[in-house]
Amino acid sequence: MMHTRNLILGWLLLLIASLLIGSMAFYLLDKQQDNFAMAAREADRERLAAVAETIHLTVSESRDALATSLRELPGENYIDALENWRLGNPLIRNVFVWRPGPGVIFPDPDRPTSSEERAFLQRYAALFDLSTAWALPAADSPAAPAPVQARRELTELAKSRPLAASSPRPLADEIRTRHRSDWRPWFWEEGLHILIWATDPDQTRFGIELEMAALLSRLVTLLPEPANPQEAWALLDDRGQVVQQRGQLDLSGNPVPALSLPVGPSLPHWQVGLYSRATAASTQQGLWWLGSILTLILVAAILLGGSLLLWQARRNQLDARRKTGFVSNVSHELKTPLTTIRMYAEMLEEQEQLPTDRRRRYLDVIGSEARRLTRLVNNLLDFSRLEQGRKQYHFQEVDLNALLTRTLASHATLQADAPLELSSDLPDTPVRVTTDGDAVEQVLLNLVDNALKYAGDGQELSLRLVADQQQVCIEVADRGPGIAPQQAEKVFDMFQRGDDSLTTRTQGCGLGLSIARQLMRDLGGDLHYHPRTGGGSVFTMTLPGATPSGE
Ligand code: ADP
């Protein structure tokens, strides 16, 4: 009892420990996940900042290059030079010349030559008629440009000179004093436009409007290649619309990016965005599930392992207890017949003048007790042989009918001693079976012994032999107390005895039936118990079919 309590206590401790480990693992996993997510977000933010910076610098640099080219534009005939430049440089969408007083003089506001010119004039009407100041935007922060191939290309493109080869290039210093250059972003219906212009000493302003489409198509190469197909980088305009994207992700619905940063003053209100279909939350959830499953497996493994260990320990404990019981039972079993034999032998020795019939009875008792001893020792030997798989059988043709008759006859004395009336129902013809006759006899004697031991009060022991070509059945039936249903299969286990008071009073070590069943199974048959109608037990030995008689 103490032992069981210890086992349960140990199991409970194990349970608590594994639950503690499990919850600790959960907690750590959760924390670690937060750390991971934070680190990932930080890394993304840094990448995004670098991209935004690169785009900003590239746009500023190209714009500055265009402004420089503008300042270097040969004087006098700005219009031709500008037009030539526009035709040769895809970054230029429109050109213009503006003078204080008359206002815009090119393109001709009264006769625009194309719808594009008309749209241009309309777009900047507020600027050209001075209702909006040509104010400077906030100065860009000049930073050391990163050596990006795409950036260099774009800057080179911006630097490409106006197509006015004939006119000599003015000296740079002279230009700087003569002209001033400015730029400003201009938001109109369809988004951002950029206007760059120079002002000469006469306050004439001449400049260009950037072709945003050309600029953007080159900026896309500045967006990094996404690390996986679930990711995309995009450039978003002031209205949050995707204008350029890198990556396979479908951004047609203009979803909100996972992370975004402003590009900077060179593209005001524009942003670079990082999109990720496997959002942080879903990745985290996946990790959480994985972690949970792993933790659960860990806890389950600990619990299962622990339970297995405890179960094994309990089994060992029971085994040990059974074996101890077995040893003391065996000792008793050996001691009783030995005592009887010694007692009767002494009586024979001391009383030399005994009447013949008493003498005969004493000798019978000694004989039967010696046989009981032999059976017990045989059982023990069989037990160890069966345990080690060393039991050998000698198969030969046996007449079971004769074997049964002989066995019963050899027990005549025992039957005379016991208050049992023997009835046997045997066929008239021999029942020939190829089997080990000794083993069959041993099983039969075991059953008869048990009937004498446990069903002695039942007055009756009947033996029946039924044979056909498939099977031979030997039934040993008594009118004893029978075996309780919950015990009926257990009594065939090693060291297992019934738990009724009759069994407790009777000597035995719980080996007989388990050995008997094993023997029968080794012979190709089996041994079963059935309660007998009207009370008592029926043990049925079966063996494979009989050889038809007469052969
Ligand atoms: P043992 O007789 O040494 O206890 P066995 O294996 O021969 O061991 O029998 C196991 C148990 O089966 C017995 O302890 C007894 O409780 C029960 N048993 C066996 N034969 C009978 C029977 N004929 N009637 C009632 N109980 C029986």
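Computed from a prediction, not measured in an experiment: that's the story for all the values here.

Chemist: Can you walk me through the overall build of the protein in this structure?
Modeler: If you tally the helices and strands in the protein, you get 14 helices and 16 strands. When the 551 residues of the protein are sorted by exposure, 41% land in the buried category. Roughly 30,100 Å² of accessible area belongs to the protein as shown, and the carbon and sulfur atoms make up 56% of that amount.

Chemist: Is there a simple way to think about the site of the ligand in this case?
Modeler: Residues in contact with the ligand amount to 20 residues; listed here are only the nearest, Tyr454, Arg497, Thr503, Cys509 and Leu513. The backbone of Leu513 places a nitrogen or oxygen atom 2.8 Å from an oxygen atom of the ligand. One nitrogen or oxygen atom from the side chain of Ser537 is found 3.4 Å from a nitrogen atom belonging to the ligand. If the ligand stood free it would expose 530 Å²; the protein chains cover 97% of that surface. Listed by contribution, the elements that provide at least two residues to the shell around the ligand are α12 (437-454), α14 (512-522) and β16 (537-544). Among the elements that make up the shell around the ligand, the one with the highest residue count is α12 (3 residues). The residue inventory of the shell around the ligand, partitioned by class, reads 7 nonpolar, 9 polar and 4 charged.

Chemist: I'm lost on the sheet that holds strand β7 (residues 242-246) in this one. Help?
Modeler: Whenever strands of a sheet pair, they do so through backbone hydrogen bonds, lying parallel or antiparallel. The 4 strands lie next to each other as β7-β6-β9-β8, forming an open sheet whose pairing is antiparallel. Looking at the sheet topology across the chains shown, the edges are occupied by β7 and β8 (259-262). The mean inter-strand angle of the sheet, taken between neighbouring strand axes irrespective of direction, is 20°. Inspection of the sheet shows β8 paired to strand β9 (residues 271-276) by 4 bridges, in the antiparallel sense. The partner of Leu259 across the bridge, within β9, is Leu274.

Chemist: Looking at this model, I keep getting lost on the sheet that holds strand β11 (residues 421-425). Mind explaining?
Modeler: With respect to topology, 5 strands assemble into an open sheet ordered β11-β13-β14-β16-β15, the strand pairing being mixed. The sheet terminates laterally at β11 and β15 (526-531), the two strands that pair on one side only. Recorded for the sheet is a direction-independent mean angle of 15° between the axes of neighbouring strands. With 5 bridges connecting them, β11 and strand β13 (residues 460-467) associate as parallel partners. In the strand pairing of β13, Ser424 is matched with Leu463. Each of β11, β13, β14 (471-478) and β16 is contacted by helix α10 (residues 400-410), which is oriented at about 165° to β13, the strand it contacts most. Running over the sheet, α12 touches β13, β14, β15 and β16 and is turned about 175° from β16.

Chemist: Explanation requested: a nonpolar patch on the surface in the structure shown.
Modeler: Nonpolar side chains collect at one region of the surface, where Phe36, Leu287, Trp288, Trp289, Leu290, Ile293, Leu294 and Ile297 lie side by side and expose about 850 Å² of accessible area between them. The element best represented in the nonpolar patch is helix α8 (residues 280-350), accounting for 7 residues. By relative accessible area, which is 52% here, Ile297 ends up exposed.

Chemist: Explain the packing of α12 against α14 to me, please; I cannot follow it from the model alone.
Modeler: A pair of packed helices is captured by two measures, namely the crossing angle of their axes and the spacing between those axes. In the contact formed by α12 and α14, the axes pass within 10 Å of each other and the chain directions differ by 150°. In terms of axis orientation, α12 runs roughly antiparallel to α14. The interaxial crossing formed by α12 with α14 has left-handed handedness. Residue-level inspection shows Ala439, Gln442, Val443, Asn446, Leu447 and Asn450 of α12 in contact with α14, the latter providing Gly512, Leu513, Ile515, Ala516, Leu519 and Met520.

Chemist: When you look at the packing of helix α9 (residues 356-388) against α14 in this model, what are you seeing that I'm missing?
Modeler: Where α9 contacts α14, the two axes come as close as 10 Å, and the packing angle between them is 55°. Comparing the axis directions of α9 and α14 gives the class oblique. Remark: the crossing between α9 and α14 carries left-handed chirality. Counted together, Asn379, Asp382, Phe383 and Leu386 of α9 and Gly512, Ile515, Gln518, Leu519 and Asp522 of α14 form the full contact between these two elements.

Chemist: Please clarify how the side chain of Ser292 should be interpreted in this entry.
Modeler: Position of Ser292 among the secondary structure elements: in helix α8. Judged by its relative accessible area of 5%, Ser292 is buried. The contacts of Ser292, once residues within four sequence positions are left out, are Phe26 and Leu29.

Chemist: Just checking my understanding: could you explain the pattern of salt bridges for this structure?
Modeler: If charged atoms from side chains of opposite charge come close, those side chains can pair. Overall, the coordinates contain 23 salt bridges when judged by the stated rule. Put simply, Arg385 and Asp382 hold a salt bridge, and the shortest N to O gap is 3.4 Å. Remark: Asp382 and Arg385 occur in helix α9; sequence separation between them is 3 residues, near one turn of the helix. Here Arg385 falls in the partly exposed class, since its relative accessible area comes to 28%. For Asp382, a relative accessible area of 2% puts it in the buried group.

Rules and cut-offs
- Residue positions within a chain follow its written sequence, with the count starting from 1.
- Confidence filtering applies because this is a predicted model: local features only for residues at pLDDT of at least 70, side-chain atom pairs given and counted only at 80 or more, and all residues used for totals across whole chains, interfaces and linings.
- Hydrogens and water are ignored here; the side-chain numbers use all heavy atoms of the structure.
- A run of DSSP states H or I qualifies as a helix once it reaches four residues; a run of E qualifies as a strand once it reaches two. Both are numbered from the N-terminal end.
- Note on classification: 1.4 Å probe, protein chains only; a residue is buried when its accessible area is under 20% of the maximum for its type, exposed when over 50%, partly exposed between these limits.
- Areas reported as accessible are Shrake-Rupley estimates using a 1.4 Å probe. Residue values count occlusion only from the protein chains shown.
- Being near a molecule or strand, for a residue, comes down to having at least one heavy atom within 4 Å of it.
- In the analysis that follows, any N or O atom pair within 3.5 Å is treated as a polar contact, provided that within protein one partner can donate a hydrogen and the other can accept it, and provided that, for residues neighboring in sequence, both atoms belong to side chains.
- Any residue that is not Ala, Val, Leu, Ile, Met, Phe, Trp, Tyr, Cys, Pro, Asp, Glu, Lys or Arg is counted as polar, Gly included; the first ten are nonpolar and the last four charged.
- Two strands pair if DSSP finds at least two bridges between them.
- Inter-axis angles, ranging from 0 to 180 degrees, are taken between N-to-C directions of lines fitted to C-alpha atoms, where helices are fitted over the stretch in contact.
- Note on definitions: a residue-residue contact is assigned when non-hydrogen atoms from the two residues lie within 4.5 Å.
- Distance thresholds for patches are 9 Å for like charges and 5 Å for nonpolar side chains (Val, Leu, Ile, Met, Phe, Trp, Tyr), applied to residues having over 30% relative accessible area and no salt bridge.
- Within this document, salt bridges are pairs made up of a side-chain nitrogen of Lys or Arg and a carboxyl oxygen of Asp or Glu, the two lying within 4 Å of each other.
- Any angle between 65 and 115 degrees counts as roughly perpendicular, while under 35 counts as roughly parallel, over 145 as roughly antiparallel, and the rest as oblique.
- By definition, any crossing whose near helix is turned counterclockwise from its far helix by less than a right angle is left-handed, and any crossing with a clockwise turn is right-handed.

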